[in-house]
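Examination of the molecular architecture
Residue-level listing of the chains:
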Amino acid sequence: MGEAREVMDRLTDAVTTHADLKVIGELYAEDAVAFTPDEGELRGRDNIVEYWRAMTEAVPEATFQPLHSYEVGDTAIDEGFFSGRNTGPLELPNGETLPPTQKEIRIRGVDIATVRDGRIVDYRLYFDEMDFLGQLGLLPPDEPF
């Protein structure tokens, strides 16, 4: 197992099984860049840790079920299911906060982390935001045509 795989595995653990913002912060370079479907581009460790703070508070006992894990050079790639119950407030990109829905979620996603000198410098997260919001019951009901 290479450095990128080890760092990605530690990040997954710090976001899910053993949620720990301090560990998350230690895993990102100070000038890291992240891209997420819900927040877009995040620049700098502090902004990325804030993103994970909001997610770990919204779904505090999340789990990750890996489907595929790869490591290519300095980059680790995971595909799997992020699952849990929304028991904490959900912060929206526009600054609004929604109360917990108490709904279970299970969303398929892909994480890509490029690592240099033991820290993530570039991180990309892909998941279907509409699926996430739908599972939380936050989308209007389907209207017939």
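The following refers to the structure shown. (Residues numbered from 1 in each chain as written. Predicted model: local features only at pLDDT ≥ 70, side-chain atom pairs only at ≥ 80, totals over all residues. Heavy atoms only, no water.)

**Some words on the layout of surface pockets**
- Within this model, the largest pocket holds a volume of roughly 350 Å³.
- Along the walls of the largest pocket sit 19 residues, with Asp-38, Glu-39, Ala-54, Glu-91 and Leu-92 positioned nearest its centre.
- Of all elements in the fold, only helix 3 (45-58), strand 5 (90-91) and helix 4 (129-135) reach the threshold of two or more residues within the lining of the largest pocket.
- Considering each element in turn, the lining of the largest pocket owes the most residues, six residues, to helix 3.
- Residues of the lining of the largest pocket, tallied by class, amount to 10 nonpolar, three polar and six charged. (1 Å grid on protein atoms, 1.4 Å probe; cavity = no way out; pocket = protein on both sides within 12 Å on 5 of 7 lines; lining within 4 Å. Points joined across faces, edges and corners; volume = space filled by probe spheres on them. Helix = DSSP H or I, 4+ residues; strand = E, 2+ residues; numbered from the N terminus. Nonpolar A, V, L, I, M, F, W, Y, C, P; charged D, E, K, R; others polar.)

**Comments concerning the sheet that holds strand 1 (residues 28-36)**
- Taken together, six strands build an open sheet; the order of strands is 2-1-8-7-4-3 and the sheet is mixed. Looking at strand neighbours, the two that pair on one side only are strand 2 (40-43) and strand 3 (63-72), the edges of this open sheet. The sheet shows a mean angle of 15° between the axes of neighbouring strands, taken without regard to direction.
- Where strand 4 (residues 75-85) lies against strand 7 (residues 104-116), 11 bridges are found, and the strand directions are antiparallel. Across the sheet, the residue bridging to Ala-76 is Ala-113, located in strand 7.
- Helix-sheet contacts for helix 1 (residues 3-15) involve strand 1, strand 3, strand 4, strand 7 and strand 8 (119-127), and the interaxial angle to strand 4 is about 10°.
- Running over the sheet, helix 3 touches strand 1, strand 2, strand 4 and strand 8 and is turned about 55° from strand 1. (Pairing = 2+ DSSP bridges. Axes fitted to C-alpha atoms, helices over the stretch in contact; angles between N-to-C directions. Contact = heavy atoms within 4.5 Å.)

No statement about biological role is implied by the geometric values presented.
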